[in-house]
Amino acid sequence: MLRLVGKRLLPQTLAPQSTASPALAARRYHERVVDHYNNPRNVGSFDKDDPTVGTGLVGAPACGDVMKLQIKVDEQSGKIVDACFKTFGCGSAIASSSVATEWVKGKQMEEVLSIKNTEIAKHLSLPPVKLHCSMLAEDAIKAAVKDYELKKAKNGSSEASSPKVAEA
Amino acid sequence: MWNPRKHLLLSSLSLLRHISSTPPLLRLHPLKPSPLLSPSISFLPPVDSQLRSNLLNLPLCGFPRNLSSSNSCSSCWNCGAVGPTSGAFLACGSCGAVQPVDASVDYFQIFGMEKMYEIEEGNLEGIYKDWQKKLHPDLVHSKSEKEKSFSAEQSARVIDAYRTLKDPLSRALYLLKLERIHVDEENTISEPDLLMEMMEMREAVEEAKDAQSLNEIQSKVKKKLEAWSNSFKEAFSKQDFDSAVNCTERMKYYVRALEEITKKL
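Cut-offs applied
- Residues numbered from 1 in each chain as written.
- Chains lettered and ligands numbered in written order.
- Predicted model: local features only at pLDDT ≥ 70, side-chain atom pairs only at ≥ 80, totals over all residues.
- Heavy atoms only, no water.
- Domains from an automatic or database assignment.
- Contact = heavy atoms within 4.5 Å.
- Buried area = accessible area lost by both parts, 1.4 Å probe.
- Salt bridge = Lys/Arg side-chain N within 4 Å of Asp/Glu carboxyl O.
- Polar contact = N/O pair within 3.5 Å; in protein donor to acceptor, adjacent residues only side chain to side chain.
- Nonpolar A, V, L, I, M, F, W, Y, C, P; charged D, E, K, R; others polar.
- Helix = DSSP H or I, 4+ residues; strand = E, 2+ residues; numbered from the N terminus.
- Buried < 20%, exposed > 50% of the residue type's maximum accessible area, 1.4 Å probe, protein only.
- Pairing = 2+ DSSP bridges.
- Axes fitted to C-alpha atoms, helices over the stretch in contact; angles between N-to-C directions.
- UniProt positions renumbered as here; feature names shortened; annotations may be inferred.
- Phe/Tyr/Trp six-rings, centres within 6.5 Å; stacked < 30°, edge-to-face > 60°.
- Lys NZ or Arg CZ within 6 Å of the ring centre and 35° of its normal.

A. Representation of the domain arrangement of chain B within the structure. Residues and elements named next belong to chain B. Parsing chain B into structural domains produces domain 1 (61–178) and domain 2 (186–265). Distance between the C-alpha centres of domain 1 and domain 2: 33 Å. Counting residues at the interface gives seven residues for domain 1, matched by 11 residues for domain 2. Taking both sides of the interface into account, the surface hidden between domain 1 and domain 2 amounts to around 820 Å²; carbon and sulfur atoms contribute 82%. Contact with domain 2 buries surface across domain 1, with Y117, L169 and L176 losing the most and accounting together for 67% of the total. Applying the counting criterion to the domain 1 and domain 2 interface returns one salt bridge. For the salt bridge of E118 with K233, the shortest nitrogen-to-oxygen distance reads 3.0 Å. At the boundary of domain 1 and domain 2, one finds two residue pairs in polar contact (both at pLDDT 80 or more). Considered class by class, the residues forming the side of domain 1 that touches domain 2 number six nonpolar, no polar and one charged.

Structural data, given as structure tokens:
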């Protein structure tokens, strides 16, 4: 009987179980996850074509999750001045990407590359079965940085070539 | 102080209770051995003609039950009758006793279906109910603890089998599992085209204002799901497992979108 109850609780609904009795409190989303879900920070979209924006788009096909994390970079200092995210997935995935956007703000690009999924998971007290959500967030950060750098390189090379064209 | 008369009275009372609660089929039959007495019998019980012909038609094999095989060499723990030559041996055809779970019997065998993606989905429910009429825990209240636990496990396994085979995506993933193709749960992808399509699809669902637009999106997604489902069938039949896995990944995204649409409708 207890095993059945445990199994039923495991696939959590997204509604925070604030009315759950203490006896069933064994498996719930951590309050930080619930907080990020109810009070989402930095949900939104930047213009993908903006040269100061890096877009990281990653997915976890096993759960059908898709996560987009965008950074706005100050070209002079290489500092991330703003970040936003859009995630379709479970509460843990949403919270992980929300935390990621909070943590990258105000940091250097090289610095954010060292953000580890284990740190995000620890911050949110993610259970083992949800660790891959934090991995997704780490991958999203890296993808956003990579996208920005690719864009910068492309823009840099096109700026270099255009004076030649003008002369010709 | 051990009172022999009281003991005799109590055991005959429990015997009577057992007999009265046992369904008519299992009551003491002149030709079939009583389930109560069989454990103590060390020789073959008198057989009726049906049982004799079953025994004669089956290949000879030793009494020790072969738990690793799902075929004829399995015999009933309760009455010793030999199981069927083909098909899953979940309950004894002779005495009705629920058998322990044999993990080597896969879900397709439980439902008597060929191991392939395209199955007769309409037949699943009937076969499922037929099994539960023989296995369900509600039917073994008066049985031994051993049989009660067999019933709980066997019944749960049939439920798993039914749910897995009923849904196309889970059926596809199960087929891959049987082929020992491991789909990594933690795999992350960054294919821009695929993810962009899925992102836009989910955004469209989120922003849809009325039932009509949701229904439009739903029919589009269903078409895509069907297309990829057919692709899976083809890839799997050719044993192109990489493509098959790829198909299931896409199917998963469409299934999630459909779930969201259903929630909103």
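B. Up close: the pattern of salt bridges. All chains considered together, the criterion is met by 19 salt bridges over all chains. Ionic pairing is found between E102 of chain A and R41 of chain A, a salt bridge with its closest N-O pair at 3.2 Å. Separated by 61 residues along the polypeptide, E102 of chain A in helix 3 (residues 91–104) and R41 of chain A in the loop between helix 2 (31–38) and strand 1 (53–60) bring together distant segments of the chain. Look at R41 of chain A and you get partly exposed, because its relative accessible area is 23%. Residue R202 of chain B is joined to E260 of chain B by a salt bridge in which the shortest nitrogen-to-oxygen separation is 3.9 Å. Residue R202 of chain B is located in helix 7 (residues 192–207), and its partner E260 of chain B is located in helix 9 (residues 241–264); the two are separated by 58 residues in the primary sequence. We classify R202 of chain B as buried; its relative accessible area is 6%. Residue classification places E260 of chain B among the partly exposed positions, given a relative accessible area of 23%. Each of the salt bridges in this network shares a partner with another, and the network as a whole consists of D35, R41 and E102 of chain A.

C. Looking closely at the side chain of Q99 of chain B. Relative to the elements of secondary structure, Q99 of chain B occurs in the loop between helix 2 (49–57) and helix 3 (107–110). Residue Q99 of chain B is classed as buried on the basis of its relative accessible area of 1%.

D. Spatial organisation of the environment of G91 of chain A. Residue and element names in this part refer to chain A. When you line up the elements, G91 lands in helix 3. When its relative accessible area of 2% is taken as the criterion, G91 is described as buried. In the structure, G91 is positioned 39 residues away from K130 in sequence and 9.7 Å away in space, judged by C-alpha atoms.

E. Highlighting the interface of chain A and chain B. Each partner contributes residues to the interface: chain A has 18 residues there, and chain B has 19 residues. Buried area between chain A and chain B, summed over both chains or domains, comes out near 1800 Å², and the portion from carbon and sulfur atoms is 63%. Connecting chain A to chain B are two salt bridges. For K86 of chain A, the salt bridge is made with E203 of chain B, and the minimal N-O distance between the two is 3.3 Å. The tally of links between chain A and chain B comes to seven residue pairs in polar contact (both at pLDDT 80 or more). Contributing elements (two or more residues each) for the side of chain A that touches chain B: strand 1, strand 2 (65–74), strand 3 (79–88) and helix 6 (131–167) of chain A. Element by element, the count of residues in the side of chain A that touches chain B is highest for strand 1 of chain A, at four residues. Its residues assigned to classes, the side of chain A that touches chain B shows nine nonpolar, four polar and five charged.

F. A look at the sheet that holds strand 3 of chain A. Residues and elements named next belong to chain A. Pairing is antiparallel in the open sheet, where three strands are placed in the order 1-2-3. Across the chains shown, the open sheet's two edge strands, defined by having one partner strand only, are strand 1 and strand 3. Averaged over all pairs of adjacent strands, the angle between their axes in this sheet comes to 15°, without regard to strand direction. Each of strand 2 and strand 3 touches helix 3; the most contacted strand, strand 3, lies at about 175° to it.

G. Spotlight on the UniProt feature "domain: J" (unreviewed entry) in chain B. When the UniProt feature table is mapped onto this chain, "domain: J" (unreviewed entry) is found at residues 106–178 of chain B. This span, residues 106–178 of chain B, is 71% helix and 0% strand, and a straight line between its end C-alpha atoms measures 8 Å.

H. Highlighting the packing of aromatic side chains. Residue and element names in this part refer to chain B. Applying the stated criterion to the full structure yields eight aromatic pairs over all chains. Between the aromatic rings of Y107 and Y174, the centroid separation amounts to 4.4 Å while the plane-to-plane angle is 10°, which identifies the pairing as stacked. Here Y174 lies in helix 6 (residues 168–178) and Y107 lies in helix 3, a separation of 67 residues in the sequence. An aromatic cluster of at least three residues, connected via ring pairs, comprises Y117, F232, F236 and F241. Sitting over the ring of Y117, R171 keeps its end group 5.5 Å from the ring centre.

I. Spatial organisation of the pairing of strand 2 of chain A. Residues and elements named next belong to chain A. Taking burial as the measure, the 10 residues of strand 2 include eight buried ones, the bulk of the element. Bridge count between strand 1 and strand 2: eight bridges; the pairing is antiparallel. Bridge pairing in strand 2 links A60 to D65. Counting the residues in the hairpin turn of strand 1 and strand 2 gives four residues, including G64, whose phi is positive at 75°. Where strand 2 lies against strand 3, nine bridges are found, and the strand directions are antiparallel. Of the residues in strand 3, the one forming a bridge with M67 is T87. Here strand 2 hands over to strand 3 after four residues, with G78 in that stretch at a positive phi of 70°.

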